[in-house]
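Residue-level structural notes
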Amino acid sequence: MDPLDPLDLFDVDSTLDPDQRLVRDTVRRFVDDKVLPIIGECFARHRFPAELVPEIASLGLLGSSLEGYGCAGLDAVCYGLICRELERGDSGLRSFVSVQSSLTMYPIHAFGSDEQKDRWLPALARGDAIGCFGLTEPHGGSDPANMKTHARRDSGDYVLNGAKMWITNGTIADVAVVWARTEDGVRGFLVERGTPGFDAPEIEDKLSMRASVTSSLFLNDVRVPGGNLLPGVTGLDSALRCLNEARYGIAWGAVGAAHACLAELLDYTSSRVLFGRPLSHTQSIQLRLADIARRITTAQLLAFRLGRLKDEGRLHPTQVSLGKWNNVRMALDVARDAREMLGAAGISAEHCAIRHMLNLESVITYEGTETVHGLVVAKELTGVGAF
Ligand SMILES: Cc1cc2nc3c(=O)[nH]c(=O)nc-3n(C[C@H](O)[C@H](O)[C@H](O)COP(=O)(O)OP(=O)(O)OC[C@H]3O[C@@H](n4cnc5c(N)ncnc54)[C@H](O)[C@@H]3O)c2cc1C
């Protein structure tokens with residue numbers, strides 16, 4: 001029999017249809033040709049590779065699962081494959097696409113007025129405009145119901161006050177989807193860059209996600225027209241629907257980061273000669289490689305199952321929580337193992353393991369920490385929310 005693909009031991013990719021295969025191959029080629037040659041330098045210099053945005057947009061990767069407005073209308077498995085291949089390059093790049101697609105374009109598409117959709121979606125799909133999603137506040141992201149940012153109605157306008165923290169793309173965003181408490185409950189607002197009283201400074205001292213922009217948002221008597229309220233939002237549940245979209249992509253993306261680490265390890269351990277033989281010829285290294293492959297393979301199957309359920313319209317938020325939790329934990333453990341198995345080389349920016357490891361420390365925290373997803377799953381099991 002033919003040898004198996006080390007990164008796909010159960011040959012799940014053979015179940016892809018021709019469109020899905022084309023998406024996978026296109027993004028894979030883009031990552032190999034355009035991302036991998038520069039991403040180590042971007043991470044080291046704390047630089048978001050903005051020069052890649054036009055090509056990401058021209059490949060149809062922004063808002064790829066939305067219909068109309070210049071979006072590609074791809075299925076959920078395609079979106080998952082996009083996230084997996086991008087995160088094989090870097091979690092920061094996948095975060096950029098996740099936030100643009102699932103956390104900016106999705107809420108405008110799902111909850112926006114026709115004017116908001118016409119104005120923003122085509123520009124966001126083309127990469128001519130960049131968006132961000134402001135939910136987390138400085139006093140605690142795990143408990144968004146304790147939101148302090150508020151919007152007061154004044155004539156036909158809204159006046160927003162408050163602060164958001166750890167917001168991906170914030171500083172470079174042309175439009176921010178800002179969640180704020182109103183007298184009618186939590187609502188979403190479109191706040192444009194340059195609106196008086198709105199400031200989005202970058203958080204500079206990050207040791208993770210260094211090829212991504214992360215920002216604070218400060219809102220000081222920010223006046224926006226009533227037409228900037230997302231009319232379809234019904235409360236905090238609408239924000240959580242957006243997070244569910246993004247978490248789905250993360251469950252796939254994490255597999256890509258782990259793929260990159262395993263590929264690097266297979267290469268390194270077969271050429272590194274110690275005690276007269278390649279490292280990969282020793283039993284303990286072989287067992288560690290096999291164990292990494294076992295973990296990646298099961299996470300990959302889980303991602304595919306999530307994708308099929310989503311395409312059938314049957315995906316439950318608890319399943320997304322379990323998938324995000326499992327797959328990011330898997331990828332972080334794999335990246336840490338890979339870093340260690342490379343020895344001192346593992347701390348060098350020349351190898352990807354430490355970059356993925358540091359990035360995944362963010363991925364395991366954002367979009368719901370492990371604790372939060374564990375509590376979501378436990379609530380499903382027991383019927384009791386213990387948050
Ligand atoms: C790089 C990066 C990018 C991000 N991008 C965005 C973005 O674009 N938009 C956005 O809105 N947010 C974003 N975030 C914020 C992210 O979603 C929050 O950091 C996350 O929700 C956790 O909130 P927190 O950091 O305030 O931690 P906290 O909520 O303060 O949690 C601290 C610790 O307490 C634990 N904990 C929480 N509740 C319980 C409980 N009931 N019982 C026991 N332990 C508990 C948590 O698991 C965690 O370990 C980003 C974060 C990072 C790091």
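The rules behind these values
Residues numbered from 1 in each chain as written. Predicted model: local features only at pLDDT ≥ 70, side-chain atom pairs only at ≥ 80, totals over all residues. Heavy atoms only, no water. Axes fitted to C-alpha atoms, helices over the stretch in contact; angles between N-to-C directions. Helix = DSSP H or I, 4+ residues; strand = E, 2+ residues; numbered from the N terminus. Parallel < 35°, antiparallel > 145°, perpendicular 65-115°, else oblique. Left-handed = near helix turned anticlockwise from the far one by under 90°. Contact = heavy atoms within 4.5 Å. Polar contact = N/O pair within 3.5 Å; in protein donor to acceptor, adjacent residues only side chain to side chain. Near = heavy atom within 4 Å. Areas by Shrake-Rupley, 256 points an atom, 1.4 Å probe, with all protein chains shown as cover. Nonpolar A, V, L, I, M, F, W, Y, C, P; charged D, E, K, R; others polar.

**Observations concerning the packing of helix H4 (residues 91-111) against helix H6 (residues 236-271)**
Between H4 and H6, the least distance of the axes is 9 Å, while the angle of their chain directions is 150 degrees. With respect to their mutual orientation, H4 and H6 come out roughly antiparallel. As H4 runs across H6, the sense of the crossing is right-handed. Contacts between H4 and H6 involve Arg94, Ser102, Leu103, Tyr106, Pro107, Ala110 and Phe111 on the former and, on the latter, Ser238, Arg241, Cys242, Leu243, Glu245, Ala246, Gly249, Ile250 and Gly253.

**A closer look at the side chain of Glu85**
Here Glu85 lies in helix H3 (residues 76-89). Separated by 3.3 Å, the side chains of Glu85 and Arg28 make a polar contact. Among all residues touching Glu85, those that are not within four sequence positions of it are Arg24, Val27, Arg28 and Val31.

**Here we look at the site of the ligand**
Around the ligand there are 18 residues in total, and Thr136, Gly141, Ser142, Trp166 and Thr369 lie nearest to it. Ser142 places a side-chain nitrogen or oxygen 2.6 Å from an oxygen atom of the ligand. At 2.7 Å, a backbone N or O of Trp166 approaches a nitrogen atom of the ligand. Its free accessible area being 990 Å², the ligand has 66% of it covered by the protein chains. Taken together, the elements giving at least two residues each to the shell around the ligand come down to strand S3 (157-168) and helix H10 (370-382). Tallying contributions element by element places S3 first for the shell around the ligand, with 3 residues. For the shell around the ligand, the class distribution of residues is 8 nonpolar, 9 polar and 1 charged.

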